Amino acid sequence: MSLRDHLIARITSQGPITVADFMGEALLHPIYGYYTTRDPLGAAGDFTTAPEISQMFGELVGLSLAQSWLDQGAPNPFTLAELGPGRGTLMADIVRATARVPGFHAAARIMLIEASPTLRAAQTRALAAHSIEHIDSTDALPDAPLCLVANEFFDALPVRQFQRDGAGWRERNVGLRDGVLCLGLSPVGPQASLMHRLDDTEDGHIVETCPAASPILKAIGDRIASHGGAALIIDYGDWRSLGDTMQALRNHEPVDPLADPGNADLTAHVDFEALCAAAAPAAHSRVTPQGIFLERLGITARAQALAAKLDGPALEAHIAAHRRLTHPEEMGNLFKVLGLFPDHAAPPPGLER
Ligand code: SAH
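About the thresholds
- Residues numbered from 1 in each chain as written.
- Predicted model: local features only at pLDDT ≥ 70, side-chain atom pairs only at ≥ 80, totals over all residues.
- Heavy atoms only, no water.
- Helix = DSSP H or I, 4+ residues; strand = E, 2+ residues; numbered from the N terminus.
- Rg over C-alpha atoms; globule rule 2.2 N^0.38 Å.
- Buried < 20%, exposed > 50% of the residue type's maximum accessible area, 1.4 Å probe, protein only.
- Contact = heavy atoms within 4.5 Å.
- Areas by Shrake-Rupley, 256 points an atom, 1.4 Å probe, with all protein chains shown as cover.
- Lys, Arg positive; Asp, Glu negative; His and termini not counted.
- Charge placed at Lys NZ, Arg CZ, Asp CG, Glu CD.
- Near = heavy atom within 4 Å.
- Polar contact = N/O pair within 3.5 Å; in protein donor to acceptor, adjacent residues only side chain to side chain.
- Salt bridge = Lys/Arg side-chain N within 4 Å of Asp/Glu carboxyl O.
- Domains from an automatic or database assignment.
- Buried area = accessible area lost by both parts, 1.4 Å probe.

### Some points on the overall build of the protein chain
(1) Moving on: Of the regular secondary structure elements, the protein chain holds 14 helices and 17 strands.
(2) Moving on: A globule of 353 residues ought to have a C-alpha radius of gyration of about 20 Å, and the protein chain, at 21 Å, matches this closely.
(3) Moving on: Along the first, second and third principal axes, the C-alpha set of the protein chain runs to 60 × 45 × 35 Å.
(4) Moving on: Evaluated residue by residue, the protein chain yields a buried proportion of 50% over its 353 residues.
(5) Moving on: Considering only contacts within the protein chain whose residues lie at least 6 apart along the sequence, 75% involve residues at least 24 apart.
(6) Moving on: Summing over all exposed atoms, the protein chain offers an accessible surface of approximately 15200 Å²; the carbon and sulfur share of this is 54%.
(7) Moving on: Side chains of the protein chain give 27 positive and 42 negative charges; the mean places of these two sets differ by 3 Å.

### Some points on the site of the ligand
(1) Moving on: In the vicinity of the ligand lie 19 residues, with Thr 49, Gly 84, Gly 86, Glu 114 and Asn 151 positioned nearest.
(2) Moving on: Thr 49 is positioned with one of its side-chain polar atoms (N or O) 2.6 Å from an oxygen atom of the ligand.
(3) Moving on: In the environment of the ligand, a nitrogen atom lies 2.8 Å from a nitrogen or oxygen atom belonging to the backbone of Asn 151.
(4) Moving on: Considered on its own, the ligand offers 570 Å² of accessible surface; in the complex 93% of this is hidden by protein.

### Remarks on the pattern of salt bridges
(1) Moving on: Summed over all chains, the structure comprises 21 salt bridges.
(2) Moving on: Between Arg 10 and Glu 25 there is a salt bridge, with the nearest N and O atoms lying 3.1 Å from each other. In this pair, Arg 10 sits in helix α1 (residues 3–14) while Glu 25 sits in helix α2 (residues 19–28), placing the two residues 15 residues apart along the sequence.
(3) Moving on: Between Arg 323 and Glu 330 there is a salt bridge whose closest N-O contact spans 3.1 Å.

### What to know about the side chain of Ser 241
(1) Moving on: With respect to the element layout, Ser 241 can be found in the loop between β10 (229–238) and β11 (247–250).
(2) Moving on: Of note is the side chain of Ser 241, whose polar atom sits 3.2 Å from the backbone oxygen of Glu 208.
(3) Moving on: The contact partners of Ser 241, leaving out residues within four places of it in the chain, are Arg 197, Val 207, Glu 208 and Asp 271.

### With respect to the domain arrangement of the protein chain
(1) Moving on: According to the domain assignment, the protein chain consists of domain 1 (3–33 + 160–208) and domain 2 (50–157 + 210–341).
(2) Moving on: Of note, the centres of domain 1 and domain 2, computed from C-alpha atoms alone, are 29 Å apart.
(3) Moving on: On the domain 2 side, the residues contacting the 26 residues of domain 1 number 24 residues.
(4) Moving on: Approximately 1900 Å² of surface area, both sides summed, lies buried where domain 1 meets domain 2, with 62% of it carried by carbon and sulfur atoms.
(5) Moving on: Summed over the three residues of domain 1 that lose the most area to domain 2, namely Met 23, Leu 27 and Glu 208, the buried surface amounts to 31% of that side.
(6) Moving on: Connecting domain 1 to domain 2 are two salt bridges.

This is the structure:
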């Protein structure tokens, strides 16, 4: 049996499912889910991410968080947390880069939130030299100062999609036509959560909501506002969502999201406005392009220092990695960075209010 067969059986007996249900099953079904069954990252996988491209990304993210921690009086103890840590590369780079920040390691309790058993095992291996704890949700984070990072985590959370129809909305769903999975629309109805979108959309426009993101942001925002700390959220998306952004990637190429669920990565753009609203009362930075954030933190100087020790193909790969992370035509503009911090504190370095 495949996930497609399982979904066809479910839809045959229960009727169409929401796009969010479809995404949730495709990514995290306990037996057939994409993340449950594999390590999808890197050249041999389906996609790659900034920490896998270069160690410089994690180093600069780590130093930005550590500077926020110092600026807020170096609270001890505090939680150093990551959402969706993939192979554990980003946290390993953060920990290495902050080793010489006085007191940072001694005060840090490292906590990782990861749904995939395969990737939990990879994270444990990558961080074998450190004491780490895996937890199931942000609700299990201690009531303590919190320094948190999430890179390409929120894009993996399921979205609901709504198509404007007059003063109401029709939800997009996944059903069957001639035994094949296909997209459909529910009957039109009001959507209380989308009242504010009646002003900036027209008939036929699609907007997306991410119900799973709000409780996660609330847990993070509450801790940062009450106890201090900072969060860096890095992802592709915009201040307000518009349009169908669900996309499937397999072997680094776009594929039809419905064609072979569970065997392609599935993502949607992040609506940073919704994340900020859910994180209140924590303050938030401007949404800043990744390239600008990394340049402000000195990535060019760091790249030059590393380049001095390299030659040949390793040097060429390093130069390409720097360009890939920062150039506006590569990841530099598509990816955005959002900072969360206590209202009385400064935003993490690299960001502004
Ligand atoms: N941050 C890593 C990996 C990004 S891929 C990097 O930059 O390389 C998305 C990560 O989020 C994976 O580790 C995936 O297993 C995890 N993930 C996806 N949905 C999740 C959920 N609902 N709860 C916890 N982890 C999740």
